[in-house]
Amino acid sequence: MVVASPCPIGSERMRRMGLPVIDLSRKRTHVAELMVRACEEYGFFKVINHGVNREVIARMEDEGRDFFSGPASAKQRAGPANPMGYGCRSIGFNGDSGEVEYLLLHANPTYIAQRSKARHPSRFCSAVTEYIEAVREVACQILELLAEGLKIPDREVLSRLIREGESDSVFRMNHYPCCKERDASHRVGFGEHSDPQILTLLRSNGVAGLQISVEDGVWVPVTPDPDAFCVNVGDLLQAFTNGRFVSVRHRAMANSFDTRMSMIYFGAPPLHAQIKPIPELISPQNPCRYRPFTWAEYKKAAYSLRLGDSRLDLFAMDMNVLSS
Ligand SMILES: C=C1C[C@]23C[C@@]1(O)CC[C@H]2[C@@]12CC[C@H](O)[C@@](C)(C(=O)O1)[C@H]2[C@@H]3C(=O)O
Ligand SMILES: O=C(O)CCC(=O)C(=O)O
Ligand SMILES: [Fe+2]
């Protein structure tokens, strides 16, 4: 098994400092610079003052709570996850599992309207649609700031891909029931992996569980903050930036005291989109590291592998051939 990267920052520094917290209301050039550094050094950061209306978040959270606490029959109606839909414990198609139940939806309004199998479908559907729209805007803003920070003249080169009507972005709600067992802190909710898409925006209630892999197999917990979005670089953004940004492995652990719910937006391009390093990020010192591929090809590879496998290596250029 080949695995994806841990965070390049050492465990001590990560424990001491925690993740970078970026205030989106600060000066644009400063924010862009901080974000680029965070994506290079941590692959993860938090954003605050992101402008997403509290009520939009609260409505989504209420709907999520209502769905997961609802009758098994309503949840079964939304399943089984193939891969979209409701799933319990089983993750993906290749034998992965964890102490989690979830709802996976395409982030596209028509799909959401058709797949709203909650107890109050139209209320659920409008809460999800509003939430996704608001979070997608933040994701686009971040991708444009990153392009600016990387001095890429086409500032929309990345944001355009997830703004497109045909974007294959996904919305996921994970519900981790409180695990009353004596040593539940060792129980895995969602196993280690990197996210395949471009950019992930995660929000959770105030309960801990998310952890990031740093060097030497150490896992560092992310302090929960319901007012922030936790943002991470996905595999495609690592490829677009020619390896300058890192798609870092993370996982979610069970919690012995409280129930945890996370709501995650995975910004992805349309299926037919070509993924290849952005030309401005290729140079003789940093030759092209990935061969061109489509998101459809990448997704197929992801779904044929286990959760913890690295798929980006399959699309990497042979650097020995390049240097000879
Ligand atoms: C085991 C798997 C679940 C997953 C598809 C995969 O084959 C490998 C990647 C997994 C992942 C991780 C990030 C997201 O939660 C997710 C929706 C995605 O796009 O890739 C999941 C997939 C899933 O749960 O279906
Ligand atoms: O629920 C979480 O905190 C993390 C889950 C995750 O990483 C994912 O669904 O890709
Ligand atoms: Fe993830």
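Each remark here, short or long, concerns the structure printed above.
Residues numbered from 1 in each chain as written. Chains lettered and ligands numbered in written order. Predicted model: local features only at pLDDT ≥ 70, side-chain atom pairs only at ≥ 80, totals over all residues. Heavy atoms only, no water.

Caption draft 1: Layout of the overall build of the chain. Along the backbone of the chain there are 10 helices and 14 strands. Its C-alpha atoms give the chain a radius of gyration of 19 Å, within 12% of the compact-globule value 20 Å for 324 residues. Viewed in the frame of its principal axes, the chain has a C-alpha envelope of about 60 × 45 × 40 Å. Out of the 324 residues in the chain, the part that is buried amounts to 54%. For the chain, restricting intrachain contacts to residue pairs at least 6 apart in sequence, the fraction spanning at least 24 positions comes to 75%. Accessible surface computed for the chain: about 14,500 Å², of which carbon and sulfur atoms make up 51%. (Helix = DSSP H or I, 4+ residues; strand = E, 2+ residues; numbered from the N terminus. Rg over C-alpha atoms; globule rule 2.2 N^0.38 Å. Buried < 20%, exposed > 50% of the residue type's maximum accessible area, 1.4 Å probe, protein only. Contact = heavy atoms within 4.5 Å. Areas by Shrake-Rupley, 256 points an atom, 1.4 Å probe, with all protein chains shown as cover.)

Caption draft 2: Examining the site of ligand 2 more closely. Taken together, 14 residues are adjacent to ligand 2, and Tyr176, His193, His250, Arg260 and Ser262 come closest. One of the side-chain nitrogen or oxygen atoms of Asn174 is found 3.1 Å away from an oxygen atom of ligand 2. Residue Arg260 places a side-chain N or O atom 2.8 Å away from an oxygen atom belonging to ligand 2. Notes on ligand 2: free accessible area 290 Å², of which the protein chains cover 97%. Comparing atom positions with the cavity grids shows ligand 2 to sit within the largest pocket. Of all the secondary-structure elements, those providing two or more residues to the shell around ligand 2 are strand S5 (170–176), strand S6 (188–193), strand S11 (250–253) and strand S12 (260–267). No other element matches the 4 residues that S12 contributes to the shell around ligand 2. (Near = heavy atom within 4 Å. Polar contact = N/O pair within 3.5 Å; in protein donor to acceptor, adjacent residues only side chain to side chain. 1 Å grid on protein atoms, 1.4 Å probe; cavity = no way out; pocket = protein on both sides within 12 Å on 5 of 7 lines; lining within 4 Å. Sits in = over half its atoms within 2 Å of the grid points.)

Caption draft 3: Main features of the layout of surface pockets. In this model, the largest pocket occupies a volume close to 730 Å³. Residue lining of the largest pocket: 46 residues in total, with Ile91, Arg172, Phe190, Tyr303 and Leu307 positioned closest to the centre. Ranked by residue count, the leading element in the lining of the largest pocket is strand S3 (residues 85–91), at 5 residues. Of the residues that constitute the lining of the largest pocket, the class distribution is 25 nonpolar, 12 polar and 9 charged. When its volume is computed, the second largest pocket comes out at roughly 210 Å³. In terms of lining residues, the second largest pocket is bounded by Asn49, His50, Gly51, Val52, Arg54, Ile57, Ala58, Glu61, Arg203, Pro226 and Asp227. (Points joined across faces, edges and corners; volume = space filled by probe spheres on them. Nonpolar A, V, L, I, M, F, W, Y, C, P; charged D, E, K, R; others polar.)

Caption draft 4: The arrangement of the sheet that holds S6 in detail. What the 4 strands build is an open sheet, ordered S6-S11-S8-S9; its pairing is antiparallel. Each edge of the sheet is formed by a strand with only one pairing partner; in this case those strands are S6 and strand S9 (219–221). Sheet twist, expressed as the mean angle between neighbouring strand axes with direction ignored, is 25 degrees. (Pairing = 2+ DSSP bridges. Axes fitted to C-alpha atoms, helices over the stretch in contact; angles between N-to-C directions.)

Such coordinate-based values are descriptive only and should not be taken to indicate function.
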